[in-house]
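Residue-level listing of the chains:
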Amino acid sequence: MRSAKFVVDPGWLAFEPEPSKPDFLPPAGAVDAHCHVFGPGHRFAYAPERKYTPSDAPWDKLAALRNFLRFERNVIVQASCHGTDNRALVDALQRSSGRARGIAAVDTQISDEELLSLHEAGVRGLRFNFVRRLVNRLPFKALERMVSRISDMGWHVVIYFEASDLARLYDTLAALPLPVVIDHMGRVDVGQGVGGKGFLLFLKLLRENPHIWSKVSCPERLSLSGPPDYQDVVPFARMLVETFPDRVLWGSDWPHPNMKSHMPDDGKLVDMIPKIATTASFQHRLLVENPMRLYWPEEDCIG
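The residue count restarts for each chain, going from 1 along the sequence in the order it is written. Only residues with pLDDT of 70 or above have their local features reported here, since the model is predicted, and side-chain atom pairs are shown and tallied only from 80 upward, although totals for entire chains, interfaces and linings are computed over all residues. Excluding hydrogens and water, the side-chain values take into account all heavy atoms of the structure.

This part covers the overall build of the protein chain. Runs of H or I in DSSP of at least four residues are treated as helices and runs of E of at least two as strands, each being numbered from the N terminus. Across its full length, the protein chain holds eleven helices and eight strands. The globule rule is 2.2 Å times the number of residues to the power 0.38, and the radius of gyration it is compared with is taken over C-alpha atoms. In terms of overall size, the protein chain behaves like a compact globule, its C-alpha atoms giving a radius of gyration of 18 Å where 303 residues would be expected to give roughly 19 Å. Based on the C-alpha atoms only, the size of the protein chain along its principal axes is roughly 50 × 45 × 40 Å. Burial classes: relative accessible area under 20% of the type maximum marks a residue as buried, over 50% as exposed, and values in between as partly exposed (1.4 Å probe, protein chains only). Burial status across the protein chain gives 58% buried among its 303 residues. Any two residues whose heavy atoms approach within 4.5 Å at even a single point are treated as in contact. A separation of at least 24 residues holds for 76% of the contacts in the protein chain among residues at least 6 apart in sequence. Accessible surface computed for the protein chain: about 13200 Å², of which carbon and sulfur atoms make up 52%. Residues scored as charged are limited to Lys and Arg (positive) and Asp and Glu (negative), so that His and the chain ends carry no count. Charge positions are represented by NZ for Lys, CZ for Arg, CG for Asp and CD for Glu. Side chains of the protein chain carry 36 positive and 37 negative charges; the gap between the two charge centres is 3 Å. Computed with the Shrake-Rupley method and a 1.4 Å probe, the accessible areas treat only the protein chains shown as cover for residues.

In structure tokens form, the structure reads like this:
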């Protein structure tokens with residue numbers, strides 16, 4: 001059966017094909033804990049209900065970038081353009097030789113056998129997208145139904161939301177009985193500063209709930225000052241790394257879907273790491289210890 005044809009959205013910004021070589025050398029075993037694969041569309045069609053149609057960003061391109069940036073592993077997150085069809089994700093995991101783990105998106109009707117098949121492929125969690133512009137309905141019911149089914153599998157949930165929605169989601173996130181990883185620092189409004197009401201609420205959420213983690217990723221989405229250094233995001237990420245050093249993850253977000261104003265240079269993003277994780281100890285926990293504990297616990301011999 002042939003996949004449906006697709007046309008990339010007009011004005012879509014494709015990923016940077018020749019990123020700069022970063023000066024920062026990640027520690028041995030470093031993990032890019034948030035990235036995506038798209039397509040290729042002729043093999044893995046994009047979801048009919050998608051809100052955007054990207055350019056292809058297949059596994060071989062991601063693996064080449066990983067090696068160029070001198071990382072060793074990836075965590076690949078299912079993006080909304082593929083809906084609950086995880087075939088592109090599973091294909092990437094199967095081709096990774098164990099060097100990638102996955103975060104899937106599923107329908108609540110998925111069978112136990114299908115969940116087990118995802119686990120065997122390398123999936124270790126489910127993503128729930130609460131960003132209103134990307135979904136037709138907020139997944140409260142799906143989250144509630146699936147949590148009880150994946151808890152015994154050792155999986156966790158990844159939650160994506162806008163900063164303005166944190167107050168509404170706060171009690172739900174706090175009550176979840178398994179690890180929760182929040183994407184991109186909860187999309188904090190950097191214009192309010194680290195003392196702003198929104199970021200203080202985010203800090204409170206992590207401080208009072210030790211099962212909640214944060215990715216210190218996507219400065220290119222959060223910054224008001226812009227590239228190449230995204231300096232206004234640094235204080236937020238650094239505070240999270242230093243306050244919750246055992247519950248933070250870093251990811252490139254390659255291939256940077258839905259960027260409207262510019263496409264970031266992945267080498268420059270890597271060079272931000274020592275600015276937010278200012279010691280070798282912070283860097284090792286951020287890039288190695290934390291993702292290994294969450295995604296490769298069977299190999300984690302640290303501590």
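There is more to say after this.
Moving on to the sheet that holds strand S1 (residues 31–35). Taken in spatial order, the eight strands make up an open sheet running S1-S2-S3-S4-S5-S6-S7-S8, and their pairing is parallel. Strands at the two margins of the open sheet, each flanked by one partner only, are S1 and strand S8 (248–249). For two strands to count as paired, DSSP must find a minimum of two bridges between them. Two elements, S1 and strand S2 (residues 73–77), share three bridges in a ladder whose sense is parallel. Paired with Val 31 across the two strands is Arg 73, which belongs to S2.

Each axis is a line fitted through C-alpha atoms, and for a helix only the stretch in contact is used; angles between axes span 0 to 180 degrees, taken between their N-to-C directions. Their axes nearest at 11 Å, the elements helix H5 (residues 166–175) and helix H6 (residues 197–208) cross at an angle of 0 degrees. Classed by the angle they form, the pair H5 and H6 counts as roughly parallel. Residues Leu 166, Ala 167, Tyr 170 and Leu 173 of H5 pack against Gly 198, Leu 201, Phe 202, Lys 204, Leu 205 and Glu 208 of H6. Across the contact of H5 with H6, the residue classes tally to seven nonpolar, one polar and two charged. We call two directions roughly parallel when the angle between them is under 35 degrees, roughly antiparallel when it is over 145, roughly perpendicular when it lies between 65 and 115, and oblique otherwise. In this classification, Asp, Glu, Lys and Arg are treated as charged, Ala, Val, Leu, Ile, Met, Phe, Trp, Tyr, Cys and Pro as nonpolar, and every other residue, Gly included, as polar.

Right, let's get into the pairing of S2. Taking burial as the measure, the five residues of S2 include five buried ones, the bulk of the element. Crossover handedness is defined here as right-handed if the route from the first strand over the helix to the second strand goes clockwise, with the strands pointing away from the viewer. In this fold, S1 hands off to helix H1 (residues 59–69), which returns the chain to S2; that crossover is right-handed. Where S2 meets strand S3 (residues 100–104), four bridges bridge the pair, whose relative direction is parallel. Residue pairing across strands places Asn 74 opposite Ala 100, the latter belonging to S3. What joins S2 to S3 is helix H2 (residues 87–95), and the crossover it makes is right-handed.

Should the charged atoms of two oppositely charged side chains come close, the side chains can pair. The working definition used for a salt bridge is a side-chain nitrogen of Lys or Arg within 4 Å of a carboxyl oxygen of Asp or Glu. Overall, the coordinates contain 13 salt bridges when judged by the stated rule. Its salt-bridge partner being Arg 127, residue Asp 183 comes within 2.8 Å of it at the nearest N-O pair. Of this pair, Asp 183 sits in the loop between strand S6 (180–182) and H6 while Arg 127 sits in strand S4 (residues 123–129), and the two are 56 residues apart along the sequence. Using a relative accessible area of 11% as the deciding quantity, one classes Arg 127 as buried. For Lys 275, the salt bridge goes to Asp 229, with nearest N and O atoms at 3.7 Å. Linking Lys 275 in helix H10 (residues 273–276) with Asp 229 in the loop between helix H7 (219–222) and helix H8 (234–243), this pair joins segments that are 46 residues apart in sequence. Residue class for Asp 229 comes out partly exposed when judged on its relative accessible area of 35%.

Bringing the environment of Ala 142 into the picture now. Structurally, Ala 142 is set in helix H4 (residues 140–150). Between the C-alpha atom of Ala 142 and that of Val 288, which follows or precedes it by 146 residues, the distance is 31 Å. Excluding its chain neighbours within four sequence positions, the residues that come into contact with Ala 142 are Thr 108 and Phe 128.

Moving on: the packing of aromatic side chains. Aromatic ring pairs: the centre-centre distance and the angle between the two ring planes describe each pair. Pairing of aromatic side chains requires ring centres within 6.5 Å, counting the rings of Phe and Tyr and the six-membered ring of Trp. Pairs whose planes differ by under 30 degrees are stacked, by over 60 edge-to-face, and all others tilted. Under the counting rule described, the total for this entry stands at seven aromatic pairs. Centre to centre, the rings of Phe 71 and Trp 250 are 5.4 Å apart; their planes meet at 20 degrees, and the pair counts as stacked. Placement of the pair is Phe 71 in the loop between H1 and S2 and Trp 250 in the loop between S8 and helix H9 (266–270), with a sequence separation of 179 residues. As far as burial versus exposure is concerned, Phe 71 and Trp 250 are alike and both buried.

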